[in-house]
Amino acid sequence: MVKVENRLKMIDRKIDQSRIRIKDADDLKSLEGVFDTSTLKTLYFLANKGEIDALGGVISTGKEANVFHALGCGSERELAIKIYRISTSNFKAMQSYLIGDPRFKDIRHEKRSIVFAWTKKEMRNLKKAHSAGVRVPKPFDTRNNILLMEFIGEDELPAQQLRVVPLTPEEAKDAYETTIEYVRRLYQANLVHADLSEFNILMDGREVVFIDMGQSVTLDHPNAMEFLQRDVDNVARFFKKKGVKVDSDAALDMVLSG
Ligand SMILES: Nc1ncnc2c1ncn2[C@@H]1O[C@H](COP(=O)(O)OP(=O)(O)O)[C@@H](O)[C@H]1O
Ligand SMILES: [Mg+2]
């Protein structure tokens, strides 16, 4: 074990080498071109609030959002920052996942409001999942199109997606059982992940972690059961390939059994 002070020193050195401190507007200048002005303002606001100290490297560049590594809380805590793009996001698809969710019945129907609502929705879904006993990144804060959450991984190295993690047959079986148990807990808490697959499950060592819950829906959503079935099928298909004896009907029964 490296002593805490040493570790902090080490982290500090790394920041000096490669990070962009975002304590004042000048530092943010270097991020122009990466983010639009309103996203820069939001980053600046969160930095001023003391929630982000430094922004690190890109973890992922996805269709709707980019995920960055960052440091928060006086550089003592590693964070993952998910920034939803306003300009290129597929807001028509987003809209269809917001219908039927009583929590978002009053949002305005323009692009920006939808993306903001989506970001807030991911925060609330993660919170709900966390309270239901499902391991997810703990959400810390959200503002506009930015979500701050627990970084899954260590020393800037993100945990890997389930799809690329080598697993022994026993580990695969454990991971499968935990995954179905988490789907059951979500269902009990009135939620369906709705995009569950080996891409949105991280393995933190041997621990299963569900991520990416912006599209998760409550059971009020007209397609909730269809999404649930699809989640269970995806997971069963993946683990079957890994040699686990799976029965997706039995798994679904387990989820619905309460
Ligand atoms: N909290 C986190 N800690 C570490 N890595 C993360 C975290 N959240 C996301 N990632 C990484 O970023 C990728 C994209 O994040 P995700 O939430 O799935 O967004 P997308 O909508 O782009 O799929 C994930 O597959 C994972 O590799
Ligand atoms: Mg994803």
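Coordinates for the structure precede this section.
Predicted model only: the values in this text are computed from it and were never measured.

1. Here we look at a nonpolar patch on the surface
On the surface, a nonpolar cluster with roughly 230 Å² of combined accessible area is contributed by Leu219, Met225 and Leu256. Looking at where Met225 falls in the secondary structure, it is placed in helix α7 (residues 224-241).

2. A closer look at the side chain of Asp141
Considering the arrangement of structural elements, one finds Asp141 in strand β5 (residues 139-143). A relative accessible area of 13% places Asp141 in the buried class. One polar contact links Asp141 to Lys49, side chain to side chain, over a distance of 2.7 Å. When sequence neighbours within four positions are dropped, the list of residues in contact with Asp141 reads Leu46, Lys49, Glu51, Met123, Ile146, Leu147 and Leu148.

3. Topic: the site of ligand 1
Taken together, 19 residues form the shell around ligand 1, and within it Lys82, Glu150, Ile152, Gln161 and Asp212 come nearest. At 2.7 Å, a side-chain N or O of Lys82 approaches an oxygen atom of ligand 1. Gln161 is positioned with one of its side-chain polar atoms (N or O) 2.6 Å from an oxygen atom of ligand 1. In isolation ligand 1 offers 540 Å² of accessible surface; the protein chains occlude 89% of this area. Of the residues that constitute the shell around ligand 1, the class distribution is twelve nonpolar, four polar and three charged. Both of domain 1 (8-157) and domain 2 (159-256) provide at least three residues apiece to the shell around ligand 1.

4. Notes on the nonpolar core
Ranked by size, the top nonpolar core spans 54 residues in total, and within it Tyr176, Phe210 and Phe239 carry the most contacts. Of the residues that make up this core, three or more belong to each of domain 1 (8-157) and domain 2 (159-256). For Phe210, the contacting residues outside a window of four places in its chain are Val134, Arg135, Val136, Pro137, Thr179, Tyr182, Val183, Leu186, His193, Leu196, Asn200 and Ile201. Counting residues in hydrophobic clusters, the runner-up holds 13 residues, among them Phe35, Phe68, Ile83 and Ile146.

5. Focus on the sheet that holds strand β9 (residues 160-161)
The sheet built from three strands is open, its strands ordered β9-β11-β12 with antiparallel pairing. Two strands in the sheet have a free side with no partner beyond their single neighbour: β9 and β12 (207-210). Of the strand pairs in this sheet, strand β11 (residues 201-204) and β12 are connected by four bridges, and their pairing is antiparallel. Each residue of the ladder has a partner; that of Met203, found in β12, is Val208. Those strands touched by helix α6 (residues 169-188) are β11 and β12, and its axis lies near 35° from that of β12.

6. Description of the environment of Phe35
By the element assignment, Phe35 lies in the loop between α2 (25-29) and α3 (37-48). By relative accessible area, which is 9% here, Phe35 ends up buried. On a C-alpha basis, the gap between Phe35 and Arg85 in space is 8.6 Å, while along the polypeptide they are 50 residues apart. Among all residues touching Phe35, those that are not within four sequence positions of it are Leu40, Leu43, Leu55, Phe68 and Ile83.

7. Quick word on the packing of aromatic side chains
Under the defined criterion, the tally for this structure stands at four aromatic pairs. Put simply, the rings of Tyr176, Phe238 and Phe239 touch in pairs and so form one group of aromatic residues. When the ring centre of Phe45 is taken as origin, the NZ or CZ atom of Arg143, which lies over that ring, is 3.7 Å away.

Reading the values: the criteria
- Within each chain, residue numbers correspond to sequence positions counted from 1 in written order.
- The order in which chains are written sets their letters, starting at A; the order in which ligands are written sets their numbers, starting at 1.
- A pLDDT threshold of at least 70 governs which residues receive local features in this predicted model, and a stricter bar of 80 or more applies before side-chain atom pairs are shown or counted, although totals over entire chains, interfaces and linings include all residues.
- Remark: hydrogens and water are excluded; side-chain values derive from all non-hydrogen atoms of the structure.
- The patch calculation keeps residues exceeding 30% relative accessible area without a salt bridge and links them within 9 Å when they carry like charges or within 5 Å when they are nonpolar (Val, Leu, Ile, Met, Phe, Trp, Tyr).
- Values of accessible area rely on a 1.4 Å probe in the Shrake-Rupley scheme; residue burial ignores everything except the protein chains shown.
- The salt bridge definition used is simple: a Lys or Arg side-chain nitrogen within 4 Å of an Asp or Glu carboxyl oxygen.
- Secondary structure is summarised from DSSP: a helix means a run of H or I of at least four residues, a strand means a run of E of at least two, and numbering begins at the N terminus for each.
- Relative accessibility decides the category of a residue: with a 1.4 Å probe and only protein chains considered, values under 20% of the type maximum give buried, values over 50% give exposed, and everything between is partly exposed.
- Under the rule applied, a polar contact is a pair of N or O atoms within 3.5 Å (in protein, one hydrogen donor and one hydrogen acceptor; residues adjacent in sequence only if both atoms are side-chain atoms).
- Whether two residues are in contact is decided by their heavy atoms: any pair within 4.5 Å suffices.
- Any residue with a heavy atom positioned within 4 Å of a molecule or strand is treated as near that molecule or strand.
- Note on residue classes: Ala, Val, Leu, Ile, Met, Phe, Trp, Tyr, Cys and Pro are nonpolar, Asp, Glu, Lys and Arg are charged, and everything else, Gly too, is polar.
- Residue ranges for the domains originate in an automatic or database domain assignment.
- To form a nonpolar core, buried Ala, Val, Leu, Ile, Met, Phe, Trp, Tyr and Cys residues must be joined to one another through side-chain atoms within 4.5 Å.
- Whether two strands pair depends on DSSP finding at least two bridges between them.
- Structural elements are reduced to axes, namely lines fitted to C-alpha atoms, with helices fitted over the stretch in contact, and the angle between N-to-C directions of any two is expressed from 0 to 180 degrees.
- Between rings of Phe, Tyr and Trp, where Trp is taken as its six-membered ring, a pair exists when centres lie within 6.5 Å; planes separated by under 30 degrees are stacked, by over 60 edge-to-face, and by other angles tilted.
- Charge over a ring is defined by NZ of Lys or CZ of Arg lying within 6 Å of the ring centre and within 35 degrees of the ring normal.

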